[in-house]
Amino acid sequence: MQSVLEVLDKCAAYFSAKGVPNPKFDAQMLLARALKCKRLELFLQFERPMSDSELSLFRDFARRRAKREPLQHILGEVEFFGLRLKCDRRALIPRPETEEMLDNIIKLRLCNSSSPAKILDLGTGSGAMALALAKHFPDSSVLAVDASDQALELARENAAVASIRNIEIRKSDWFENIDESFDLIVANPPYLNEIEISEAEPEVREFDPISALLSPDNGMRDLRKILGNAPKHLNCGGFLVCECGLGQAEKLSVEFSNFYGKIDTAKDLSHVERYIFCQAK
Ligand code: GLN
(Lines give C-alpha, C1' and ligand atoms only; values in the text may rest on other atoms or scores of the structure.)
Protein backbone atom coordinates (compact mmCIF):
# COMPACT_ATOMS: atom_id res chain seq x y z
CA MET A 1 0.00 0.00 0.00
CA GLN A 2 1.15 3.51 -0.77
CA SER A 3 1.44 6.15 1.93
CA VAL A 4 0.10 9.71 1.70
CA LEU A 5 3.65 11.04 1.27
CA GLU A 6 4.50 8.59 -1.52
CA VAL A 7 1.34 9.45 -3.41
CA LEU A 8 1.93 13.20 -2.99
CA ASP A 9 5.50 13.00 -4.27
CA LYS A 10 4.54 10.89 -7.29
CA CYS A 11 1.66 13.16 -8.17
CA ALA A 12 3.75 16.35 -7.89
CA ALA A 13 6.34 14.85 -10.27
CA TYR A 14 3.55 13.81 -12.69
CA PHE A 15 2.06 17.35 -12.60
CA SER A 16 5.51 18.92 -13.18
CA ALA A 17 6.00 16.74 -16.25
CA LYS A 18 2.61 17.90 -17.56
CA GLY A 19 3.49 21.59 -17.06
CA VAL A 20 0.95 22.15 -14.28
CA PRO A 21 1.85 25.35 -12.40
CA ASN A 22 2.26 24.88 -8.60
CA PRO A 23 2.46 21.07 -8.86
CA LYS A 24 3.04 20.41 -5.13
CA PHE A 25 0.26 22.69 -3.94
CA ASP A 26 -2.26 21.28 -6.42
CA ALA A 27 -1.34 17.69 -5.52
CA GLN A 28 -1.89 18.53 -1.84
CA MET A 29 -5.23 20.26 -2.47
CA LEU A 30 -6.55 17.34 -4.52
CA LEU A 31 -5.33 14.71 -2.08
CA ALA A 32 -6.90 16.62 0.81
CA ARG A 33 -10.19 16.61 -1.12
CA ALA A 34 -9.95 12.86 -1.79
CA LEU A 35 -9.27 12.23 1.92
CA LYS A 36 -11.93 14.77 3.01
CA CYS A 37 -9.50 16.70 5.18
CA LYS A 38 -7.81 20.12 5.15
CA ARG A 39 -4.56 20.58 3.19
CA LEU A 40 -2.51 21.20 6.34
CA GLU A 41 -3.91 18.06 7.97
CA LEU A 42 -2.07 16.01 5.33
CA PHE A 43 1.21 16.90 7.01
CA LEU A 44 0.12 15.09 10.17
CA GLN A 45 -0.54 11.83 8.34
CA PHE A 46 2.28 11.36 5.84
CA GLU A 47 2.76 7.71 6.86
CA ARG A 48 -0.94 6.83 6.64
CA PRO A 49 -1.62 4.14 4.03
CA MET A 50 -4.24 5.03 1.43
CA SER A 51 -7.17 2.73 0.78
CA ASP A 52 -8.04 1.57 -2.74
CA SER A 53 -11.16 3.72 -2.91
CA GLU A 54 -9.29 6.85 -1.74
CA LEU A 55 -6.58 6.16 -4.27
CA SER A 56 -8.99 5.67 -7.15
CA LEU A 57 -10.84 8.92 -6.35
CA PHE A 58 -7.54 10.79 -6.13
CA ARG A 59 -6.27 9.28 -9.41
CA ASP A 60 -9.37 10.57 -11.17
CA PHE A 61 -8.74 14.11 -9.81
CA ALA A 62 -5.05 13.93 -10.74
CA ARG A 63 -5.79 12.78 -14.30
CA ARG A 64 -8.15 15.71 -14.80
CA ARG A 65 -5.62 18.22 -13.45
CA ALA A 66 -2.87 16.75 -15.67
CA LYS A 67 -5.14 17.57 -18.64
CA ARG A 68 -5.02 21.15 -17.28
CA GLU A 69 -8.59 21.27 -16.02
CA PRO A 70 -8.45 24.11 -13.46
CA LEU A 71 -8.02 23.13 -9.82
CA GLN A 72 -11.06 25.25 -8.96
CA HIS A 73 -13.28 23.28 -11.37
CA ILE A 74 -12.14 19.94 -9.95
CA LEU A 75 -12.72 21.15 -6.39
CA GLY A 76 -15.97 22.79 -7.58
CA GLU A 77 -15.33 25.92 -5.55
CA VAL A 78 -13.11 28.94 -5.09
CA GLU A 79 -12.43 31.37 -2.24
CA PHE A 80 -13.19 34.94 -3.23
CA PHE A 81 -13.09 37.88 -0.86
CA GLY A 82 -14.06 35.72 2.11
CA LEU A 83 -16.85 33.94 0.21
CA ARG A 84 -16.81 30.30 -0.85
CA LEU A 85 -18.22 30.28 -4.38
CA LYS A 86 -19.28 27.42 -6.62
CA CYS A 87 -17.15 27.37 -9.70
CA ASP A 88 -17.47 25.53 -13.02
CA ARG A 89 -17.50 25.97 -16.80
CA ARG A 90 -20.60 28.18 -16.67
CA ALA A 91 -18.58 31.31 -15.83
CA LEU A 92 -15.08 32.75 -15.53
CA ILE A 93 -13.16 31.60 -12.45
CA PRO A 94 -12.97 34.65 -10.14
CA ARG A 95 -9.39 35.99 -10.13
CA PRO A 96 -7.14 37.57 -7.48
CA GLU A 97 -6.90 40.73 -9.66
CA THR A 98 -10.64 41.17 -9.24
CA GLU A 99 -10.37 40.78 -5.47
CA GLU A 100 -7.75 43.51 -5.63
CA MET A 101 -10.18 45.71 -7.54
CA LEU A 102 -12.67 45.27 -4.70
CA ASP A 103 -9.99 46.33 -2.19
CA ASN A 104 -9.57 49.51 -4.23
CA ILE A 105 -13.32 50.11 -4.46
CA ILE A 106 -13.85 49.72 -0.76
CA LYS A 107 -11.19 52.38 -0.14
CA LEU A 108 -12.99 54.88 -2.43
CA ARG A 109 -14.93 57.66 -0.75
CA LEU A 110 -18.25 56.94 -2.40
CA CYS A 111 -20.87 59.69 -2.59
CA ASN A 112 -19.74 61.21 0.73
CA SER A 113 -21.56 58.45 2.58
CA SER A 114 -20.26 55.28 4.13
CA SER A 115 -21.93 52.95 1.61
CA PRO A 116 -23.27 53.31 -1.93
CA ALA A 117 -27.07 52.88 -1.85
CA LYS A 118 -27.33 51.28 -5.28
CA ILE A 119 -24.67 49.11 -6.90
CA LEU A 120 -24.61 47.47 -10.36
CA ASP A 121 -22.30 44.60 -11.40
CA LEU A 122 -22.20 44.29 -15.20
CA GLY A 123 -21.34 40.82 -16.54
CA THR A 124 -21.45 39.29 -13.09
CA GLY A 125 -20.47 35.74 -14.19
CA SER A 126 -20.34 33.60 -11.04
CA GLY A 127 -21.72 36.58 -9.08
CA ALA A 128 -18.38 37.06 -7.31
CA MET A 129 -18.11 40.84 -7.27
CA ALA A 130 -21.82 41.45 -6.76
CA LEU A 131 -21.97 39.04 -3.82
CA ALA A 132 -18.78 40.38 -2.23
CA LEU A 133 -20.13 43.95 -2.47
CA ALA A 134 -23.58 42.94 -1.19
CA LYS A 135 -21.93 41.28 1.80
CA HIS A 136 -19.56 44.18 2.48
CA PHE A 137 -22.34 46.80 2.12
CA PRO A 138 -25.35 45.06 3.72
CA ASP A 139 -27.48 48.25 3.52
CA SER A 140 -26.91 48.63 -0.22
CA SER A 141 -29.02 47.03 -2.91
CA VAL A 142 -27.04 45.28 -5.61
CA LEU A 143 -28.17 44.48 -9.15
CA ALA A 144 -26.11 41.80 -10.93
CA VAL A 145 -26.62 41.28 -14.66
CA ASP A 146 -25.21 38.98 -17.31
CA ALA A 147 -26.10 38.09 -20.89
CA SER A 148 -25.41 34.38 -20.30
CA ASP A 149 -28.21 32.20 -18.89
CA GLN A 150 -25.65 29.73 -17.58
CA ALA A 151 -23.77 32.42 -15.69
CA LEU A 152 -27.04 33.73 -14.22
CA GLU A 153 -27.89 30.25 -13.00
CA LEU A 154 -24.50 29.93 -11.28
CA ALA A 155 -24.75 33.43 -9.77
CA ARG A 156 -28.19 32.52 -8.34
CA GLU A 157 -26.81 29.32 -6.84
CA ASN A 158 -23.97 31.29 -5.27
CA ALA A 159 -26.33 33.89 -3.82
CA ALA A 160 -28.38 31.09 -2.26
CA VAL A 161 -25.34 29.27 -0.82
CA ALA A 162 -24.00 32.52 0.68
CA SER A 163 -27.52 33.47 1.95
CA ILE A 164 -27.12 36.95 0.53
CA ARG A 165 -30.45 38.69 0.03
CA ASN A 166 -29.67 42.32 -0.87
CA ILE A 167 -29.07 41.29 -4.46
CA GLU A 168 -31.19 41.03 -7.62
CA ILE A 169 -29.93 38.89 -10.49
CA ARG A 170 -31.29 39.85 -13.92
CA LYS A 171 -30.60 38.96 -17.55
CA SER A 172 -29.16 41.90 -19.47
CA ASP A 173 -26.57 42.37 -22.18
CA TRP A 174 -24.65 45.22 -20.50
CA PHE A 175 -27.18 48.06 -20.03
CA GLU A 176 -29.86 46.62 -22.36
CA ASN A 177 -32.46 45.83 -19.65
CA ILE A 178 -31.45 48.47 -17.13
CA ASP A 179 -33.40 51.69 -16.58
CA GLU A 180 -32.16 52.51 -13.08
CA SER A 181 -29.29 54.71 -11.91
CA PHE A 182 -26.55 53.72 -9.47
CA ASP A 183 -23.96 55.14 -7.07
CA LEU A 184 -21.43 52.49 -8.04
CA ILE A 185 -21.09 50.42 -11.21
CA VAL A 186 -18.44 47.68 -11.43
CA ALA A 187 -17.41 45.41 -14.29
CA ASN A 188 -14.80 42.83 -15.19
CA PRO A 189 -15.74 42.57 -18.87
CA PRO A 190 -14.01 40.49 -21.55
CA TYR A 191 -10.90 42.45 -22.58
CA LEU A 192 -8.46 40.03 -24.25
CA ASN A 193 -7.65 39.94 -27.98
CA GLU A 194 -7.22 36.78 -30.10
CA ILE A 195 -3.42 36.73 -29.67
CA GLU A 196 -3.61 37.03 -25.88
CA ILE A 197 -6.11 34.16 -25.77
CA SER A 198 -3.93 31.95 -27.96
CA GLU A 199 -1.04 32.62 -25.55
CA ALA A 200 -3.07 32.03 -22.37
CA GLU A 201 -2.61 28.92 -20.20
CA PRO A 202 -4.78 25.91 -21.20
CA GLU A 203 -6.76 26.34 -17.95
CA VAL A 204 -7.99 29.71 -19.30
CA ARG A 205 -8.11 28.94 -23.04
CA GLU A 206 -9.96 25.65 -22.76
CA PHE A 207 -12.08 26.01 -19.61
CA ASP A 208 -13.15 29.64 -19.07
CA PRO A 209 -16.07 30.64 -21.31
CA ILE A 210 -14.70 32.50 -24.33
CA SER A 211 -17.52 35.07 -24.03
CA ALA A 212 -16.01 36.15 -20.69
CA LEU A 213 -12.52 36.60 -22.16
CA LEU A 214 -12.57 37.81 -25.77
CA SER A 215 -13.63 41.24 -27.01
CA PRO A 216 -13.34 42.56 -30.59
CA ASP A 217 -11.42 45.76 -31.44
CA ASN A 218 -8.23 44.56 -29.79
CA GLY A 219 -10.08 43.62 -26.60
CA MET A 220 -11.73 47.02 -26.15
CA ARG A 221 -15.23 46.87 -27.65
CA ASP A 222 -17.04 45.91 -24.44
CA LEU A 223 -15.10 48.34 -22.26
CA ARG A 224 -15.93 51.16 -24.72
CA LYS A 225 -19.61 50.20 -24.63
CA ILE A 226 -19.58 50.26 -20.83
CA LEU A 227 -17.67 53.54 -20.46
CA GLY A 228 -19.84 55.17 -23.15
CA ASN A 229 -23.17 54.18 -21.59
CA ALA A 230 -22.45 54.31 -17.86
CA PRO A 231 -22.83 58.12 -17.50
CA LYS A 232 -26.59 57.74 -18.20
CA HIS A 233 -26.84 55.28 -15.30
CA LEU A 234 -24.64 56.97 -12.69
CA ASN A 235 -25.93 59.25 -9.97
CA CYS A 236 -24.12 62.56 -9.50
CA GLY A 237 -20.59 61.85 -8.18
CA GLY A 238 -21.06 58.07 -8.61
CA PHE A 239 -18.25 55.79 -9.76
CA LEU A 240 -17.75 53.32 -12.60
CA VAL A 241 -14.84 50.94 -11.86
CA CYS A 242 -13.64 48.44 -14.49
CA GLU A 243 -10.90 45.86 -14.76
CA CYS A 244 -8.93 46.33 -18.01
CA GLY A 245 -6.31 44.53 -20.08
CA LEU A 246 -2.75 45.55 -20.95
CA GLY A 247 -2.47 49.20 -22.05
CA GLN A 248 -6.25 49.71 -22.09
CA ALA A 249 -6.87 51.82 -18.96
CA GLU A 250 -4.54 54.62 -20.14
CA LYS A 251 -6.14 54.66 -23.64
CA LEU A 252 -9.67 54.71 -22.25
CA SER A 253 -8.93 57.53 -19.82
CA VAL A 254 -7.95 59.74 -22.79
CA GLU A 255 -10.82 58.62 -25.05
CA PHE A 256 -13.53 59.14 -22.42
CA SER A 257 -12.17 62.19 -20.57
CA ASN A 258 -15.15 64.33 -21.66
CA PHE A 259 -17.72 61.79 -20.43
CA TYR A 260 -16.74 62.00 -16.74
CA GLY A 261 -15.82 64.56 -14.08
CA LYS A 262 -12.66 62.67 -13.22
CA ILE A 263 -10.87 59.52 -14.42
CA ASP A 264 -8.04 57.70 -12.58
CA THR A 265 -6.23 54.45 -13.24
CA ALA A 266 -4.52 52.08 -10.79
CA LYS A 267 -1.98 49.28 -11.04
CA ASP A 268 -2.44 45.69 -9.87
CA LEU A 269 0.18 43.82 -7.83
CA SER A 270 2.01 42.91 -11.06
CA HIS A 271 2.40 46.65 -11.84
CA VAL A 272 -0.04 46.53 -14.77
CA GLU A 273 -2.45 49.54 -15.08
CA ARG A 274 -5.37 47.18 -14.50
CA TYR A 275 -8.20 49.36 -13.16
CA ILE A 276 -10.03 52.45 -14.35
CA PHE A 277 -12.09 54.64 -11.98
CA CYS A 278 -14.51 57.04 -13.68
CA GLN A 279 -16.41 59.52 -11.50
CA ALA A 280 -19.63 60.96 -12.91
CA LYS A 281 -19.91 64.73 -13.34
N1 GLN B 1 -8.00 38.45 -16.37
C2 GLN B 1 -8.39 37.37 -17.23
C3 GLN B 1 -7.17 36.62 -17.72
O4 GLN B 1 -6.19 37.21 -18.07
C5 GLN B 1 -9.18 37.85 -18.40
C6 GLN B 1 -10.58 38.11 -17.98
C7 GLN B 1 -11.20 39.19 -18.73
O8 GLN B 1 -11.05 39.34 -19.95
N9 GLN B 1 -11.93 39.98 -18.02
O10 GLN B 1 -7.18 35.41 -17.72
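Structure: see above.
Residues numbered from 1 in each chain as written. Predicted model: local features only at pLDDT ≥ 70, side-chain atom pairs only at ≥ 80, totals over all residues. Heavy atoms only, no water.

J.: Just checking my understanding: could you explain the overall build of the protein chain for this structure?
T.: Within the protein chain one finds 12 helices and nine strands. In terms of C-alpha radius of gyration, the protein chain reaches 21 Å, essentially the compact-globule figure of 19 Å for 281 residues. Dimensions of the protein chain, computed from the C-alpha atoms along their principal axes, are close to 70 × 40 × 30 Å. Looking at the protein chain residue by residue over its 281 residues, the buried ones come to 52%. Once local pairs closer than 6 in sequence are excluded, the contacts in the protein chain between residues at least 24 apart make up 65%. Accessible surface, the protein chain as shown: approximately 13,600 Å² in total, 51% of it carbon and sulfur. Counting 37 positive and 43 negative side-chain charges, the protein chain places the centres of these two groups 2 Å from one another. (Helix = DSSP H or I, 4+ residues; strand = E, 2+ residues; numbered from the N terminus. Rg over C-alpha atoms; globule rule 2.2 N^0.38 Å. Buried < 20%, exposed > 50% of the residue type's maximum accessible area, 1.4 Å probe, protein only. Contact = heavy atoms within 4.5 Å. Areas by Shrake-Rupley, 256 points an atom, 1.4 Å probe, with all protein chains shown as cover. Lys, Arg positive; Asp, Glu negative; His and termini not counted. Charge placed at Lys NZ, Arg CZ, Asp CG, Glu CD.)

J.: So what exactly am I meant to see when it comes to the nonpolar core here?
T.: Nonpolar side chains tend to gather and get buried jointly when the protein is soluble and globular. Counting residues in hydrophobic clusters, the biggest one holds 34 residues, and the most contacted among them are Leu120, Leu122, Ile185, Leu227, Leu240, Tyr260 and Ile276. Apart from residues no more than four positions distant in its own chain, leucine 240 is found in contact with Ile185, Ile226, Leu227, Ala230, Leu234, Tyr260, Ile276, Phe277 and Cys278. Residues Met101, Leu133, Leu152 and Ile169 belong to the second largest nonpolar core, which totals 33 residues. (Core = buried A, V, L, I, M, F, W, Y, C linked by side-chain atoms within 4.5 Å.)

J.: Hey, could you run me through the packing of helix α11 (residues 221-229) against helix α12 (residues 248-255) in this one?
T.: If you want to describe how two helices pack, look at the angle between their axes and the distance between the axes. Relative to each other, α11 and α12 sit at 35°, their axes nearing to 11 Å. Relative to α12, the crossing made by α11 is right-handed. Residues Leu223, Arg224 and Leu227 of α11 form the contact with α12, whose participating residues are Gln248, Leu252 and Glu255. (Axes fitted to C-alpha atoms, helices over the stretch in contact; angles between N-to-C directions. Left-handed = near helix turned anticlockwise from the far one by under 90°.)

J.: Where do I start with helix α1 (residues 4-17) in this structure?
T.: An α-helical segment advances 3.6 residues per turn. Residues three or four places apart therefore align on the same side. With 14 residues, α1 should cover 20 Å at 1.5 Å per step; its first-to-last C-alpha distance of 20 Å lies within 8% of that length. When we look at burial in α1, the residues that qualify are Val4, Val7, Leu8, Cys11, Ala12 and Phe15. For α1, the buried positions fall inside an angular range of 130° around the axis, keeping them on one side. Residues of α1 that are exposed and angled more than 90 degrees away from the buried face: Lys10 and Ala17. Considering only its buried residues, α1 is in contact with α2 (23-34) and α3 (52-66). Of the residues one or two after α1, glycine 19 is the one with positive phi, at around 75°. (Expected span 1.5 Å × (residues − 1). Arc of directions from axis to C-beta.)

J.: Help me out: how do you make sense of the site of the ligand in this one?
T.: Near the ligand you find Arg95, Glu97, Asn188, Pro189, Pro190, Tyr191, Leu192, Val204, Ala212, Leu213 and Glu243, and these make up its full shell. In the environment of the ligand, a nitrogen atom lies 2.8 Å from a nitrogen or oxygen atom belonging to the side chain of asparagine 188. One of the side-chain nitrogen or oxygen atoms of tyrosine 191 is found 2.8 Å away from a nitrogen atom of the ligand. For the ligand, the protein covers 87% of the area, taking 300 Å² as the surface of the free molecule. In a pocket analysis with a 2 Å cut-off to the grid points, the ligand is assigned to the largest pocket. When its residues are assigned to classes, the shell around the ligand shows seven nonpolar, one polar and three charged. (Near = heavy atom within 4 Å. Polar contact = N/O pair within 3.5 Å; in protein donor to acceptor, adjacent residues only side chain to side chain. 1 Å grid on protein atoms, 1.4 Å probe; cavity = no way out; pocket = protein on both sides within 12 Å on 5 of 7 lines; lining within 4 Å. Sits in = over half its atoms within 2 Å of the grid points. Nonpolar A, V, L, I, M, F, W, Y, C, P; charged D, E, K, R; others polar.)

J.: Teacher, can you tell me more about the state of the cysteines here?
T.: Here, the word disulfide means a covalent bond between the sulfur atoms of two cysteines. Inspection of every chain in the model, using the stated rule, returns zero disulfides. Summary of cysteine pairing: cysteine 11 is not part of a disulfide, and the nearest cysteine sulfur, belonging to cysteine 37, is at 14 Å. Cysteine 11 gets classed as buried once you look at its relative accessible area, which sits at 5%. No disulfide involves cysteine 244; its nearest neighbouring cysteine sulfur is the one of cysteine 242, lying 6.0 Å away. (Disulfide = S-S within 2.5 Å.)

J.: Could you clarify how one ought to interpret α12 in this entry?
T.: Turning to α12, its buried residues number three or more, namely Gln248, Ala249, Leu252 and Ser253. The buried residues of α12 occupy one face: seen down the axis, they fall within an arc of 130°. Contact partners of the buried residues in α12: α10 (216-219), α11, β8 (262-267) and β9 (273-279).

J.: Help me understand the pattern of salt bridges, please; the structure alone is not making it clear to me.
T.: Taken as a whole and assessed by the stated rule, the structure comprises 23 salt bridges. Note that glutamate 206 is salt-bridged to arginine 205, the shortest N-O span being 3.4 Å. (Salt bridge = Lys/Arg side-chain N within 4 Å of Asp/Glu carboxyl O.)

In short, geometric facts, not functional conclusions.
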